[in-house]
Amino acid sequence: MAVQRTFSIIKPDATKRNLTGAINAKFEAAGLRIVAQKRIHLTKAQAGVFYAVHAERPFYDELCEFMASEPIVVQVLEGEDAIAKNREVMGATNPAEADEGTIRKEFALSIGENSVHGSDAPETAAEEIAYFFSGLELVG
Ligand code: GDP
């Protein structure tokens, strides 16, 4: 498998509890390199654009509200098979179903407040990276 880049967010529930470093340690231990990172505070409208794919889901409004509630840390992670590897390190969407040792098992509060986002495919990774970062900010 080739070296890939994936997009990651440390969500408001995690930044609020000062877990940025603990979560980054999980990425690095898994062989993922943080090649871009910044802390930002989204508006609800910006969160809505990012999660537009979920616009018809019943939790959409709650999700956008949550993502705009506190600062987030947006990141680009690089490594062998980075998209799948990051999904593995993150664990299942619902922390009750996440494997031992995963970020969501260890840190997530609920299916909504689940500490991290990670791209699910090369196309979404490219789109999500481009929404938050310029090429100059990606330092591999
Ligand atoms: P992911 O790729 O594992 O993040 O999961 P999805 O793409 O299915 O959902 C995107 C995000 O929407 C999740 O990470 C949660 O923050 C949120 N979400 C998903 N399902 C629910 C739900 O049933 N209730 C609430 N409140 N939020 C949800």
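Bear in mind the structure is a predicted one, so any value in this text is a computation, not a measurement.

Here we take up the overall build of the chain. Per the secondary structure count, the chain includes 7 helices and 4 strands. Starting at the N terminus and walking to the C terminus, you meet the elements of the chain as β-α-α-β-α-α-β-α-α-β-α. Computed over its C-alpha atoms, the radius of gyration of the chain comes to 14 Å, within 12% of the 14 Å expected for a compact globule of 140 residues. Sorting the 140 residues of the chain into buried and exposed places 46% on the buried side.

All right, on to the UniProt feature "domain: Nucleoside diphosphate kinase-like" (unreviewed entry) in the chain then. Using the residue numbers shown here, the UniProt feature "domain: Nucleoside diphosphate kinase-like" (unreviewed entry) corresponds to residues 3-140. Summarising residues 3-140: 40% helix, 20% strand, and an end-to-end C-alpha distance of 11 Å.

A separate point is the packing of aromatic side chains. For the structure on display, the rule yields 5 aromatic pairs. Ring geometry for Phe 50 and Tyr 51: centres 4.9 Å apart, planes at 75°, overall edge-to-face.

Bringing the site of the ligand into the picture now. By nearness alone, every residue bordering the ligand is listed as Lys 11, His 54, Phe 59, Glu 62, Leu 63, Arg 87, Thr 93, Arg 104, Ile 111, Gly 112 and Asn 114. In this structure, an oxygen atom belonging to the ligand sits 2.9 Å away from a side-chain N or O atom of Arg 87. The separation between an oxygen atom of the ligand and a polar main-chain atom of Gly 112 is 2.8 Å. When the free accessible area of the ligand is taken as 550 Å², the share hidden by the protein chains comes to 79%. Residue composition of the shell around the ligand, by class: 3 nonpolar, 4 polar and 4 charged.

Our focus in this paragraph is the sheet that holds strand β3 (residues 72-80). Taken together, the 4 strands give an open sheet; going across it, the order is β2-β3-β1-β4, and neighbouring strands pair in antiparallel fashion. Looking at strand neighbours, the two that pair on one side only are β2 (33-40) and β4 (116-118), the edges of this open sheet. Sheet twist, expressed as the average angle between the axes of neighbouring strands with direction ignored, equals 20°. Note that β2 and β3 share 7 bridges and pair antiparallel. Bridge pairing in β3 places Ile 40 opposite Ile 72.

Quick look at helix α4 (residues 60-67) now. Turning to α4, its buried residues number three or more, namely Tyr 60, Leu 63, Cys 64, Phe 66 and Met 67. Taken down its axis, α4 places every buried residue within 160° of arc, on the same side. On its buried face, α4 sits against β1 (3-10), α1 (12-16), α3 (44-50) and β3.

What counts, and at which threshold
Residues numbered from 1 in each chain as written. Predicted model: local features only at pLDDT ≥ 70, side-chain atom pairs only at ≥ 80, totals over all residues. Heavy atoms only, no water. Helix = DSSP H or I, 4+ residues; strand = E, 2+ residues; numbered from the N terminus. Rg over C-alpha atoms; globule rule 2.2 N^0.38 Å. Buried < 20%, exposed > 50% of the residue type's maximum accessible area, 1.4 Å probe, protein only. UniProt positions renumbered as here; feature names shortened; annotations may be inferred. Phe/Tyr/Trp six-rings, centres within 6.5 Å; stacked < 30°, edge-to-face > 60°. Near = heavy atom within 4 Å. Polar contact = N/O pair within 3.5 Å; in protein donor to acceptor, adjacent residues only side chain to side chain. Areas by Shrake-Rupley, 256 points an atom, 1.4 Å probe, with all protein chains shown as cover. Nonpolar A, V, L, I, M, F, W, Y, C, P; charged D, E, K, R; others polar. Pairing = 2+ DSSP bridges. Axes fitted to C-alpha atoms, helices over the stretch in contact; angles between N-to-C directions. Arc of directions from axis to C-beta. Contact = heavy atoms within 4.5 Å.

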